[in-house]
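For reference, the chains in residue letters:
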Amino acid sequence: DDDDDDASVDEYGFAIDRDVARAASGSSASAMDEKFWTRARDAPGTLATCALDRDSALKRAVRKGVPSDLRCEAWFACSGARELKKMGPMDSYYEKLLVMKVDQKVVDQIELDLARTFPANEKYERGEGGQRGNDVLRRMLYAYARHNRKTGYCQGMNYIAAFLWLVMGDEEKAFWTFTALLDVVLPSDVHARDIKGTISQYKILHKLLQSNVPKVARHLKELDVDLVMIASKWLLCLFVESFPATTAARVLDCLTYEGEKVWFRVAIAMMKMYERDILECDSLPDVMLCLKHAFANQTDADELLKFTFERVSLSNKTIAAHREIVAAEMEEERNNQRR
């Protein structure tokens with residue numbers, strides 16, 4: 001009987017182990033959070049207003065998980081995408097972007113990556129079933145490359161855009177949320193062609209690990225492990241290619257509202273939660289496998305986010321201070337190379 005098959009799919013069409021999913025299902029939303037989401041359903045505009053006012057009730061409810069039917073509106077409002085769209089240079093800006101010319105190099109790279117983007121998900125499969133999804137993804141990536149010519153396209157963007165459309169289901173809102181994440185929520189040079197922003201972000205992460213998980217930081221140094229070399233997709237794909245989809249969605253709930261700080265806190269939390277396993281690794285390939293496995297099996301989003309917000313404290317001020325130090329260090333490295 002097909003119903004007894006262990007493998008199933010989650011609400012976004014990704015294969016999951018049914019027993020694992022059953023054990024980790026359910027959100028920790030309280031009656032107060034449920035009340036908030038009911039208000040958001042009953043009064044359109046609630047999410048937009050609360051996001052603009054930085055309402056503490058929204059922050060609390062978002063951390064406990066946005067209901068699936070409200071994710072599109074929540075991400076659109078919380079990420080700043082709604083405001084970005086309003087500030088767009090003209091009406092129907094997205095439609096105008098779709099008819100503009102795209103640099104051939106960018107076209108070639110996007111076409112190459114379309115085939116690699118979630119091919120096991122029926123919305124993006126190779127064949128007729130995935131044609132619509134791939135057409136949407138192509139349009140979103142072309143439009144962004146026209147909108148932000150300086151960045152154009154960078155590998156990793158395809159996964160973020162694909163995931164946003166899967167969850168949101170509204171192409172234009174997904175495009176603006178994608179643009180807000182890349183241009184506003186994250187430092188704008190993370191997906192730059194020279195990936196300088198990505199290198200900087202991981203240098204900051206290593207410094208934060210020294211103060212938050214010193215044993216792991218020391219162990220990685222001893223093994224000569226630079227996380228940017230083995231886990232750059234955590235950032236370039238915003239975890240959507242590392243965590244199970246339902247966990248990735250919960251992380252994005254928080255990231256869209258609270259910003260890049262969440263990215264650091266989640267990465268540090270994972271290193272803390274799996275500290276013992278990481279310390280048992282005695283080579284770079286071991287660390288790679290250990291982290292890949294840890295992320296892929298983190299089906300309990302409640303456990304992860306409870307740990308993240310209760311056990312990892314981090315301020316934007318601390319990140320900014322580290323960013324200045326890292327910028328100076330990178331500048332010095334460049335000057336030394338020129339000599």
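If you're wondering where the values come from, they're calculated on a predicted model, not measured in any experiment. (Residues numbered from 1 in each chain as written. Predicted model: local features only at pLDDT ≥ 70, side-chain atom pairs only at ≥ 80, totals over all residues. Heavy atoms only, no water.)

Focus: the side chain of Arg71
Piece 1. Inspection of the secondary structure puts Arg71 in helix 5 (residues 71-78).
Piece 2. Take Arg71: its relative accessible area is 5%, and that puts it in the buried class.
Piece 3. A distance of 2.8 Å separates a polar atom in the side chain of Arg71 from a polar atom in the side chain of Asp253.
Piece 4. With residues near it in sequence (within four places) discarded, Arg71 still touches Tyr12, Val66, Val167, Ala249, Arg250 and Asp253. (Helix = DSSP H or I, 4+ residues; strand = E, 2+ residues; numbered from the N terminus. Buried < 20%, exposed > 50% of the residue type's maximum accessible area, 1.4 Å probe, protein only. Polar contact = N/O pair within 3.5 Å; in protein donor to acceptor, adjacent residues only side chain to side chain. Contact = heavy atoms within 4.5 Å.)

Some thoughts on the confidence of the model for the protein chain
Piece 1. Overall, the prediction assigns the protein chain a mean pLDDT of 92, with 94% of residues at 70 or greater.
Piece 2. Between residues 1-6, whose pLDDT stays under 50, and residues either more than four places distant or in other chains, the model counts five contacts. (pLDDT = per-residue confidence, 0-100.)

Section: helix 5
Piece 1. Extensive coverage of helix 5 is indicated by the burial of seven of its eight residues.
Piece 2. Burial in helix 5 covers these residues: Arg71, Cys72, Ala74, Trp75, Phe76, Ala77 and Cys78.
Piece 3. Packing partners of the buried residues in helix 5 comprise helix 3 (46-53), helix 4 (56-63), helix 6 (81-86), helix 10 (157-168), helix 11 (171-185) and helix 16 (245-258).
Piece 4. Following helix 5 by one or two positions, Gly80 adopts a phi angle in the positive range, close to 95 degrees.

Points about the packing of aromatic side chains
Piece 1. According to the stated counting rule, one finds 17 aromatic pairs in the structure shown.
Piece 2. Between Phe118 and Tyr124 the ring centres are 6.5 Å apart and the planes differ by 40 degrees, which places this aromatic pair in the tilted class.
Piece 3. With a centroid separation of 5.3 Å and 70 degrees between ring planes, the pair formed by Phe175 and Trp176 is classed as edge-to-face.
Piece 4. Overall, Trp176 belongs to the buried group, its relative accessible area being 2%.
Piece 5. Members of the aromatic cluster, each reached through a chain of ring pairs, are Tyr202, Trp234, Phe239, Phe243, Trp263, Phe264 and Phe295.
Piece 6. The aromatic ring of Tyr257 is capped on one face by Arg54, whose charged end is 4.0 Å from the ring centroid.
Piece 7. Residue placement shows Lys123 over the ring face of Trp165; its charged tip is 5.9 Å from the ring centre. (Phe/Tyr/Trp six-rings, centres within 6.5 Å; stacked < 30°, edge-to-face > 60°. Lys NZ or Arg CZ within 6 Å of the ring centre and 35° of its normal.)

Quick look at the nonpolar core
Piece 1. Counting residues in each nonpolar core, the largest one holds 119 residues, and the members touching the most others are Phe163, Leu227 and Trp234.
Piece 2. For this core, the leading source of residues is helix 10, giving 11 residues.
Piece 3. The contact partners of Leu227, leaving out residues within four places of it in the chain, are Tyr202, Leu205, His206, Leu209, Leu220, Ser232, Trp234, Met271 and Leu291. (Core = buried A, V, L, I, M, F, W, Y, C linked by side-chain atoms within 4.5 Å.)

Focus on the packing of helix 16 against helix 17 (residues 260-273)
The description of two helices packed together rests on the angle between their axes and the distance between the axes.
Piece 1. Here helix 16 crosses helix 17 at 140 degrees, and the two axes come no closer than 6 Å. Judged on the interaxial angle alone, helix 17 and helix 16 are oblique. Note on element contacts: helix 17 touches helix 16 through Glu260, Lys261, Val262, Trp263 and Val266, opposite Val251, Cys254, Leu255 and Glu258.
Piece 2. Across the contact of helix 16 with helix 17, the residue classes tally to six nonpolar, no polar and three charged. (Axes fitted to C-alpha atoms, helices over the stretch in contact; angles between N-to-C directions. Parallel < 35°, antiparallel > 145°, perpendicular 65-115°, else oblique. Nonpolar A, V, L, I, M, F, W, Y, C, P; charged D, E, K, R; others polar.)

Examining the environment of Asp302
Piece 1. Residue position: Asp302 is located in helix 20 (residues 301-311).
Piece 2. Look at Asp302 and you get buried, because its relative accessible area is 17%.
Piece 3. Put simply, Asp302 and Arg250 are 52 residues apart on the chain and 8.6 Å apart in space, counted from C-alpha to C-alpha.

Focus: the pattern of salt bridges
Piece 1. Per the stated rule, a full pass over the model turns up 19 salt bridges.
Piece 2. One salt bridge connects Arg250 with Asp302, and the closest N-O pair in it is separated by 2.9 Å. Note that Arg250 is positioned in helix 16 and Asp302 in helix 20, a separation of 52 residues in sequence.
Piece 3. A salt bridge links Glu331 to Arg334; the shortest N-O distance between them is 2.9 Å. (Salt bridge = Lys/Arg side-chain N within 4 Å of Asp/Glu carboxyl O.)

Looking at the state of the cysteines
Piece 1. This model, assessed by the stated rule, comprises zero disulfides.
Piece 2. With no disulfide of its own, Cys154 lies 8.9 Å from the sulfur of Cys237, the closest cysteine sulfur.
Piece 3. For Cys281, which is in no disulfide, the shortest distance to another cysteine sulfur is to Cys290 and amounts to 4.1 Å. (Disulfide = S-S within 2.5 Å.)

Quick notes on the packing of helix 17 against helix 20
Piece 1. Viewed as axis vectors pointing N to C, helix 17 and helix 20 meet at an angle of 105 degrees, and their least axial separation amounts to 9 Å. Here helix 17 lies roughly perpendicular to helix 20, going by the angle between them. Along its contact with helix 17, which presents Val262, Arg265, Val266, Ala269, Met270, Lys272 and Met273, the element helix 20 presents Glu303, Leu304, Leu305, Phe307, Thr308, Phe309 and Arg311.

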